[in-house]
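# Report on the structure
Single-letter residue listing:
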Amino acid sequence: MPPTETDGLEVLETREWVDSLDYVLEKGGPNRAGRLLQQLALHARREAGINLPFSATTPYQNTIPSRQQAPFPGSQEMERRIKSLVRWNALAMVVRANKIQEGIGGHISTYASAATLYEVAFNHFLRAQTENGDRDVVYFQGHAAPGMYSRAYLEGRISKEKLQNFRRELKPGGGLSSYPHPWLMPDFWEFPTVSMGLGPIQAIYHARFIKYLENRGLKQSTGGKVWAFLGDGEMDEPESLGSITLASRERLDNLIFVVNCNLQRLDGPVRGNGKIIQELEAIFRGAGWNVIKVIWGSDWDSLIQNDRDGLLVKRLGEVSDGQYQKYFVESGAYFRQNMFGTDPRLLKMVEHFSDEQLARMRLGGHDPIKVHAAYRAAADHTGSPTIILAKTIKGYGLGEAGEGKNITHQQKKLNDDELQMFRSRFGIPIPDDELHNAPFYRPSDDSPEIKYMQARRQQLGGYMPTRKVRATPLKPFPDAHFEEFHKGTEGREVSTTMVFVRLLAKLLRDPELGKFIVPIVPDEARTFGMEALFRQVGIYSSVGQNYEPVDMDTLLYYKEAKNGQILEEGITESGSMCSFIAAGTAYANHGINTIPFFIYYSMFGFQRIGDLIWAAADMRCRGFLVGGTAGRTTLAGEGLQHQDGHSHVLALPVPNLLAFDPAFAYEIAIIVQDGIRRMYVDQESIFYYLTVTNEPLPMPEMPAEANVRDGVLKGLYRFKASAKTGSLLRAQLLGSGTIMYEVLKAQQILEEKYGVAADVWSVTSYKELYRNANDCERWNMLHPAEAAKVPYVTQTLKAAAGPFIAASDYMKVLPESLAKWVPGQLVSLGTDGFGRSENRAALRDFFEVDAKHIVLATLGALAREKKIGTDVVKRAIQELGINPEKANPAVS
Ligand SMILES: Cc1ncc(C[n+]2csc(CCOP(=O)(O)OP(=O)(O)O)c2C)c(N)n1
Ligand SMILES: [Mg+2]
């Protein structure tokens, strides 16, 4: 009979093999032992067809065995005391804020579980400056912000008053923002991470962008790392996992993820019935990452070492996360019974531990020695990115107030007993009678704790987080690059996309500044006619081009190069946006003025990756978002899911984003030139959204009037006055984007057929006009006795006679947002509703934005003003061939 798993013979046999392996390990080292195991597996397959079951995971124990741990270089005792101080002030900050202002919120438990992960990093790893002038870039977990503030307070760089005003930013003297927001604390925070999932994906693309800068010779390679501290619940976000293979494919060994696996998220367990650490290990190992698990603290070392038969590690692997969470809140006796009671041999292994000792067995993520060893291994690792999965307890140290409990994420108030308990556990010298208000505590500057922490940060190049602008302003691009576009195309038809690409090519060619341009495309370069750039500047590839491209013999072949300039991201708008952010914030993060141009299908911008755009705004990101194939009726054929008639509406909420819908080549040139000046020369914290379209049209020359440039930038100017001077019937037509050409046709029809003299105005930006008008209105409200400011739109249109008819390829709400400042009747034509697969003419008829509907709307407005009779309008409907009973495109 062959031995079975439980009988003594098998146990004996296994032990013999293990002993032999130990011998090989001792004599030949781990590599030799690894080779032997592989040979055994091969042998088993060859001789007996034994295929070892596939396993993406390793046993539920630390990846680094205790004998291979790097020694801890600091004073453990001193670091423990410092950590306690950070813990206390972080907790006090939240508790106080909520005592003073009921419901102001804040989080205690996230940082409480992550304190060791941060403190070991702050004391030994995170370099504000390396010897070579580089630095580490750190994404801090948003909900751990109280810990970062608390540390900064101890470091003496955030005042007690500010700490007192946590989440009260509008108090006199200022306060602290709830989470990391560079917009609100531009000297402190670098990355807004609190919308979960945006931190990890940005960290990946940031690490990749650093390699891009290095490979292109814009930055020295000096070993800086990108660290991202993340929550285990956060890993559920598609953005957290969606780009991890890019990191391994690009061999981003400058990237380290640290996932705080406290097994809980907001409502309860992350994986009650499963094991989040094992699940993440499988995913990341499968994706080619270096995975380091930090599960058990040093208290477990001897147990695991003596677990010769693997009984314990097997049992550790069986228990679900929900049950582990239960152990966190239960007694040692329960732990013994439930965890070890399944097998008398397991019970025997822990018989020399008291219940109390068992209850206190520390987890890996709370043990500085284990955490340090993992960080050391991660920092030294080459060839792939690293993820550290550290097991912790949520709300660590809160005891009855929430440690390990499902409610702990939301815990913000502690009663006096709970405060006392926490204070005593972490040895903070505050007497009982002063505890009630949870006072802050900072030892004097010359205390050993403060001196130690200051010395550590000095050694590592300074404080973190710190945000500062490291680049000096750029000088402007020469005017000549832009002036060609002022002339127009003399009747030749080109699309505004072609104009944009031509301008981009010119900027790229600039001998001095061209290198700063970063073109970014998510697999749409051919759609936008950008393939000429493939050859001109190359597509970035960290390994160059190791194959012969199929189109090698063509002029515009697919050229990948190590110093390629284009970031061809493949089909990922999120990834591309992260590259945009990395490039658009390099002026601060890396002291390099890279100017990103991210060109994409406009439909897949704001509505798909709006949250990343919002984060870019928070980060004071610079650059140009270019919505290509834009417009609901200009993108023919593509239909409902592609035709964008609302991205300009979605651009309205982003405060520091300027949005333009240009019609003509010279408008694009003016906007881009001024944008580069404002962002890179004058250093304004703004960025741009520009829509360009693919309809070939003749580009006119820039009108000679002096105010055109100014008007383009402010959002409105008169493009073409009516030639029909002296007419009594007057109207004003406002056009944007390609619909401008319908407006020009309408102008002609109105003049020729209906005797209406209509001026045509180009509206390049409804958003700018809206912003300016509101600004004036607000000022007037606050300064009632002073001369009222007049909005630019009112000033510009005030002398214009007749009703105003606005038409664009976007929703009607855009012009309507200006209604009260337009000095007369406003009629808005737009493209509310779902798109259709059709040609442009049919689409414009359907959405009622073509010339005939503009004519009709104008006549209707004149009739309402009693300038003409309704019979004229009725007749026009017939003459123009409009079906008054047609379905409403807004809802059909
Ligand atoms: C995109 C997004 N959705 C929801 C939230 C709300 N939220 C804040 S914290 C949290 C739970 C976080 O759990 P985990 O990532 O495990 O972090 P922990 O606090 O446990 O370290 C949630 C859902 C958010 N901040 N962002
Ligand atoms: Mg968690």
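Overview of the structure. Source: prediction; values computed, not measured.

### Observations regarding the nonpolar core
- Ranked by internal contacts, the top residues of the largest apolar core, which has 183 residues, are Phe257 and Leu625.
- Beyond its immediate chain neighbours, meaning those up to four positions away, Leu625 contacts Met577, Phe580, Phe598, Tyr600, Phe606, Ile613, Leu657, Phe687, Tyr688, Tyr689 and Leu690.
- Judged by nonpolar contacts, the second largest core, of 69 residues, contains Tyr111, Ala128, Leu419 and Ile430.

### Structural notes on the coordination of the magnesium ion (ligand 2)
- Coordination sphere of the magnesium ion (ligand 2), protein contribution only: Asp232 (OD), Asn262 (OD1) and Gln264 (O), at 2.0 to 2.1 Å.
- Site description for the magnesium ion (ligand 2): donor spacing in sequence, D-x29-N-x1-Q. The same class applies to Asn262 as to Gln264, namely buried.

### A few points about the site of ligand 1
- If you check the shell around ligand 1, you find 18 residues, and the closest are Thr110, Asp232, Gly233, Glu234 and Lys394.
- Note that an oxygen atom of ligand 1 is positioned 2.9 Å from one of the backbone N or O atoms of Gln264.
- The residue inventory of the shell around ligand 1, partitioned by class, reads three nonpolar, 10 polar and five charged.

### Let's talk about the packing of aromatic side chains
- A complete count under the given rule lists 47 aromatic pairs for this structure.
- An angle of 15 degrees between the planes, with centres 3.9 Å apart, marks the rings of Tyr139 and Phe191 as stacked. In this pair, Tyr139 is assigned in strand E1 (residues 137-139) and Phe191 in the loop between helix H5 (160-164) and helix H6 (198-215), connecting sequence segments 52 residues apart.
- Residue classification places Tyr139 among the buried positions, given a relative accessible area of 2%.
- Ring centres of Phe257 and Phe284 lie 6.2 Å apart, and the angle between their planes is 65 degrees; on these two criteria the pair is classed as edge-to-face. Highlighted residues: Phe257 in strand E3 (residues 255-261) and Phe284 in helix H9 (residues 276-286), separated in sequence by 27 residues.
- According to the relative accessible area criterion, Phe257 is buried, its value standing at 0%.
- By relative accessible area, Phe284 is classed as buried at 0%.

### Structural notes on the layout of surface pockets
- If you add up the space inside the second largest pocket, you get close to 960 Å³.
- Breaking the lining of the second largest pocket down by element, the ones donating at least two residues are helix H2 (76-100), helix H12 (321-329), helix H15 (355-359) and helix H17 (416-425).
- Looking at the lining of the second largest pocket element by element, the count peaks at five residues for H2.
- When its residues are assigned to classes, the lining of the second largest pocket shows 16 nonpolar, five polar and 12 charged.

### With respect to the pairing of strand E11 (residues 595-601)
- Within E11, seven of the seven residues are buried, which leaves the element mostly enclosed by the surrounding structure.
- Sheet topology places strand E7 (residues 517-521) next to E11; four bridges connect them, and they run parallel. Looking at E11, one finds that Ile520 is bridged to Phe598.
- Where E11 lies against strand E12 (residues 624-628), five bridges are found, and the strand directions are parallel. Across the sheet, Phe598 pairs through a bridge with Leu625, a residue of E12.
- As a crossover connection, the stretch from E11 through helix H24 (residues 606-618) into E12 is right-handed.

### A closer look at the pattern of salt bridges
- Applying the stated rule across the entire model yields 55 salt bridges.
- Ionic pairing is found between Lys745 and Glu742, a salt bridge with its closest N-O pair at 3.2 Å. Taken as a pair, Lys745 and Glu742 lie in helix H28 (residues 739-754) at a separation of three residues, close to a single helical turn.
- You can call Glu742 buried: its relative accessible area is 9%.

### Remarks on the sheet that holds E1
- An order of E1-E2-E3-E5-E4 is seen for the five strands of this open sheet, with the pairing classed as parallel. Whereas interior strands pair on both sides, the edge strands pair on one side only; in this sheet they are E1 and strand E4 (290-294). Each strand of the sheet is rotated relative to its neighbour by a mean of 15 degrees, with strand direction disregarded.
- Each of E1, strand E2 (226-231) and E3 is contacted by H6, which is oriented at about 165 degrees to E3, the strand it contacts most.
- Sheet contacts for H9: E3, E4 and strand E5 (386-391); angle to E4, the most-contacted strand, approximately 165 degrees.

### Digging into a nonpolar patch on the surface
- Judged by side-chain polarity, Trp17, Leu37 and Leu40 come together as a nonpolar surface patch covering roughly 320 Å² of accessible area.
- Relative to the helices and strands, Leu37 is located in helix H1 (residues 8-48).

### Some remarks on the pairing of strand E14 (residues 687-691)
- The buried count for E14 comes to five of five residues, which makes it a mostly enclosed element.
- Taking every second residue as pointing to the same face, both faces of E14 are buried, with Phe687, Tyr689 and Thr691 on one and Tyr688 and Leu690 on the other.
- Of the pairings in the sheet, the one linking E12 to E14 comprises four bridges and is parallel in character. Residue pairing in the sheet places Leu625 in a bridge with Tyr689 of E14.
- Judged from the four bridges that link them, strand E13 (residues 657-660) and E14 form a sheet pairing that is parallel.

### A few points about the sheet that holds E13
- Pairing is parallel across the open sheet formed by six strands, whose spatial order is E10-E7-E11-E12-E14-E13. The two strands at the open ends of the sheet, each matched to only one other strand, are strand E10 (567-568) and E13.
- The strands touched by helix H26 (residues 665-681) within the sheet are E11, E12, E13 and E14, with E14 carrying the most contacts at an inclination of about 165 degrees.

### What to know about the packing of helix H20 (residues 496-509) against H26
- In contact at an axis separation of 9 Å, H20 and H26 are set at 40 degrees when each is read in the N-to-C sense. Between H20 and H26, the angle is such that the two are oblique. In this structure, the crossing between H20 and H26 has a hand that is right-handed. Two secondary-structure elements touch here, H20 through Thr496, Val499, Leu503 and Leu507 and H26 through Ala665, Ile668, Ala669, Val672 and Ile676.

### With respect to the side chain of His481
- If you trace the backbone, His481 turns up in helix H19 (residues 480-483).
- A distance of 2.7 Å separates a polar atom in the side chain of His481 from a polar atom in the side chain of Asp510.
- Once residues lying within four places of it in the same chain are set aside, the contact partners of His481 are Leu503, Lys506, Leu507 and Asp510.

### Observations regarding unusual backbone geometry
- The omega angle of the peptide bond from Met464 to Pro465 is -5 degrees, so this bond is cis rather than trans.
- With a phi angle near 40 degrees, Thr629 is a residue other than glycine that sits in the positive phi range.
- You can see Thr629 is positioned in the loop between E12 and helix H25 (647-650).
- We classify Thr629 as buried; its relative accessible area is 2%.

Rules and cut-offs
- Residues numbered from 1 in each chain as written.
- Chains lettered and ligands numbered in written order.
- Predicted model: local features only at pLDDT ≥ 70, side-chain atom pairs only at ≥ 80, totals over all residues.
- Heavy atoms only, no water.
- Core = buried A, V, L, I, M, F, W, Y, C linked by side-chain atoms within 4.5 Å.
- Buried < 20%, exposed > 50% of the residue type's maximum accessible area, 1.4 Å probe, protein only.
- Contact = heavy atoms within 4.5 Å.
- Donors = N, O, S within 2.8 Å, 3.2 Å for Na, K, Ca; no water.
- Near = heavy atom within 4 Å.
- Polar contact = N/O pair within 3.5 Å; in protein donor to acceptor, adjacent residues only side chain to side chain.
- Nonpolar A, V, L, I, M, F, W, Y, C, P; charged D, E, K, R; others polar.
- Phe/Tyr/Trp six-rings, centres within 6.5 Å; stacked < 30°, edge-to-face > 60°.
- Helix = DSSP H or I, 4+ residues; strand = E, 2+ residues; numbered from the N terminus.
- 1 Å grid on protein atoms, 1.4 Å probe; cavity = no way out; pocket = protein on both sides within 12 Å on 5 of 7 lines; lining within 4 Å.
- Points joined across faces, edges and corners; volume = space filled by probe spheres on them.
- Pairing = 2+ DSSP bridges.
- Right-handed = clockwise from strand over helix to strand, strands pointing away.
- Salt bridge = Lys/Arg side-chain N within 4 Å of Asp/Glu carboxyl O.
- Axes fitted to C-alpha atoms, helices over the stretch in contact; angles between N-to-C directions.
- Patch = residues over 30% accessible without salt bridge, like charges linked within 9 Å, V, L, I, M, F, W, Y side chains within 5 Å.
- Areas by Shrake-Rupley, 256 points an atom, 1.4 Å probe, with all protein chains shown as cover.
- Parallel < 35°, antiparallel > 145°, perpendicular 65-115°, else oblique.
- Left-handed = near helix turned anticlockwise from the far one by under 90°.

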